Amino acid sequence: MIITESWLRGDFRDDHILADITTTLPNYHIQHVHRHSRGGGICVIHRTSLKITLNDAHVFTTFEHMDLTIRISPSIAFRLCAIYRPPPSVKNKLTFEGFVHEFSVLLESVLVHCHQPLLIGDFNIQVDNVSNKDSKTFSDILYSAGLVQHVTVSTHLAGHTLDLVITRRDGHPILSTSCLSGLPSDHDAVVCSLNFARPPSSKKLIKCRKLKDINVDQFTEDLRLTIGDLPDVVSPSDLAQQYNQVVRDLVDKHAPEKTVLLSLRPNAPWHDKDVKKAKREKRRAERRWVKSETPANKELYREKCRLYNEILSHSKSSYLQGEIEKLDNKGLFQWMQKLTSPPSSRLSLPSHESDKQLANDFGLFFYNKIQTIVDKLDGHQNEIESIQRETILATFSEFHPVSEDDVMNVIN
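Along each chain, numbering runs from 1 in the same order as the chain's sequence is written. Totals for whole chains, interfaces and linings use every residue, but because this is a predicted model, local features are given only for residues with pLDDT of at least 70 and side-chain atom pairs only at 80 or more, for both listing and counting. Each side-chain value is derived from all of the structure's non-hydrogen atoms; neither hydrogens nor water enter the calculation.

**Remarks on the overall build of the chain**
Step number 1: A run of DSSP states H or I qualifies as a helix once it reaches four residues; a run of E qualifies as a strand once it reaches two. Both are numbered from the N-terminal end. Helices and strands together make up the secondary structure of the chain, namely ten helices and 13 strands.
Step number 2: Its C-alpha atoms give the chain principal-axis dimensions of about 100 × 90 × 50 Å.
Step number 3: Taken over 412 residues, the chain has a buried fraction of 27%.
Step number 4: Accessible area for the chain stands at about 28,500 Å²; split by element, carbon and sulfur atoms hold 56% of it.
Step number 5: Neither His nor the chain ends contribute to the count of charged residues, in which Lys and Arg are positive and Asp and Glu negative. To locate a charge, take atom NZ for lysine, CZ for arginine, CG for aspartate or CD for glutamate. Side chains of the chain give 51 positive and 52 negative charges; the mean places of these two sets differ by 13 Å. To sort residues, take the accessible area from a 1.4 Å probe on protein chains only and compare it with the maximum for the residue type: under 20% means buried, over 50% means exposed, and anything in between is partly exposed. The accessible surface values rely on the Shrake-Rupley method and a 1.4 Å probe; as for residues, cover is taken only from the protein chains in view.

**Remarks on the packing of aromatic side chains**
Step number 1: Ring pairs are drawn from Phe, Tyr and Trp, using the six-membered ring of Trp, whenever the two centres fall within 6.5 Å, and their geometry is named by plane angle: stacked under 30 degrees, edge-to-face over 60, tilted for the rest. The tally for this structure, following the rule as stated, stands at twelve aromatic pairs.
Step number 2: With a centroid separation of 5.3 Å and an interplanar angle of 20°, the aromatic rings of Phe 99 and Phe 103 are classed as stacked. With a gap of four residues between them, Phe 99 and Phe 103 both fall in helix H2 (residues 96-111), about one helical turn apart. The two residues Phe 99 and Phe 103 agree in class, both being buried.
Step number 3: Chaining the aromatic ring pairs together yields one cluster made of Phe 60, Phe 63, Phe 96, Phe 99, Phe 103, Phe 123 and Phe 138.
Step number 4: Charges are assigned to positions over rings by a cutoff of 6 Å between ring centre and Lys NZ or Arg CZ, combined with an angular limit of 35 degrees from the ring normal. Between Arg 85 and the ring centre of Phe 99, over which it is positioned, the NZ or CZ distance is 5.0 Å.

**Examining the sheet that holds strand S4 (residues 51-54)**
Step number 1: Only strands that DSSP links by at least two bridges are regarded as paired with each other. Spatial strand order, S4-S5-S6-S7-S9-S8: six strands in an open sheet with mixed pairing. Only two strands of the sheet have a single partner each, and these edge strands are S4 and strand S8 (147-149). Between one strand axis and the next, the sheet turns through 25° on average, direction left out of account.
Step number 2: What makes two residues a contact is simply this: any of their non-hydrogen atoms within 4.5 Å. Lines fitted to C-alpha atoms define the axes here, with helix axes fitted over just the stretch in contact, and angles between the N-to-C directions of these axes take values from 0 to 180 degrees. Across the sheet, H2 lies against strand S5 (64-73), strand S6 (76-84), strand S7 (116-122), S8 and strand S9 (163-168), angled at about 170° from S6, the strand it touches most.

**Let's talk about the packing of helix H4 (residues 216-228) against helix H5 (residues 236-254)**
Step number 1: Contact pair H4 / H5: the axes reach a minimum separation of 11 Å and the direction vectors enclose 145°. H5 is crossed by H4, and the crossing has right-handed handedness. Between H4 and H5, the contacting residues are Gln 218, Phe 219, Asp 222, Leu 223, Thr 226 and Ile 227 on the first element and Tyr 243, Val 246, Val 247, Leu 250, Val 251, Lys 253 and His 254 on the second.
Step number 2: Residue composition of the contact of H4 with H5, by class: eight nonpolar, three polar and two charged. Left-handed is the label given to a crossing in which the near helix is rotated counterclockwise from the far helix by less than a right angle, and right-handed is the label when the rotation is clockwise. Residue polarity follows a fixed list, in which Ala, Val, Leu, Ile, Met, Phe, Trp, Tyr, Cys and Pro are nonpolar, Asp, Glu, Lys and Arg are charged, and the others, Gly among them, are polar.

Okay, here's the thing in structure tokens:
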């Protein structure tokens, strides 16, 4: 998934957004290029099972882009360039001529690559308007480079094709393109089907026990017999260790630990029956509008889209609020970290060969830190003693009352 105008800033202000995405899509990874000023930015969300390499990219001034190599298999890969071109304005001082020059430089570096090129993004060029001068120039550039543009429908609320999918004219992997409307953005989402095998889903190894299958009566009887046969011990720690070992052995007997390979899937528990109903109504209104493009059907479709987004947002808020109310203090802190900090920004332990080495390293660090503070205090102590030896002793022998004027003079 490619998102242009992501508005990510590249610092801690993105954490809650990235954490929300990774919580909903635990088997996906996020890469993004942010603009150094407000707005813009490109974000790519992909399966963790895909082998993706971020290529060294030229720095252009007229458009933003992210250059990736995506390897589907050892023999199949393609070059993906996600592009966002801001529309020229008096404020940004960008020109179409400057874009043509820099885009040609990008094409030169991409087309010499052996992998199939795939240029996708918001170009802000009305390629559907054949009378537009910029559109004609852009089409000529694509034709001379042996490229073709695949999106043929309107992608913007104003009714123009601005979001493009560009590949080589021959041997391209595009099967079909379509648009998904009804989003909060003024752009439709362009859905592109590629002639590649679907990447494998991400897997995770976990260890689990079927505790619900334990026969409680049998487990209780085994526990009673085993504890009765234990030798007498005096030390409470030895007694606790014996008890823990007995319980562990019995749990292994009645519910042996198993290793299971799980497929990670998107997690959206707030997608309840109300959200599904609103989504069905939205799709029904969309089909009616596509069949008969009347102003009434278009307005009805927009209203259903707005209603669906409101119900989805309310359902998600209600779910999170309900989960938070169930938590204790410890669980609340863990949940808030999950919601506000993406995995990449969470603290991790330093690299170490064993737990013992890590503990010793921590101890040595704090020992050296305390020793440094003590050494500095010893130096200050010597200075204090030298000052005390030079102290001049003074005594008060006479006292005189002060007037109100004397006090006012001191204050002023």
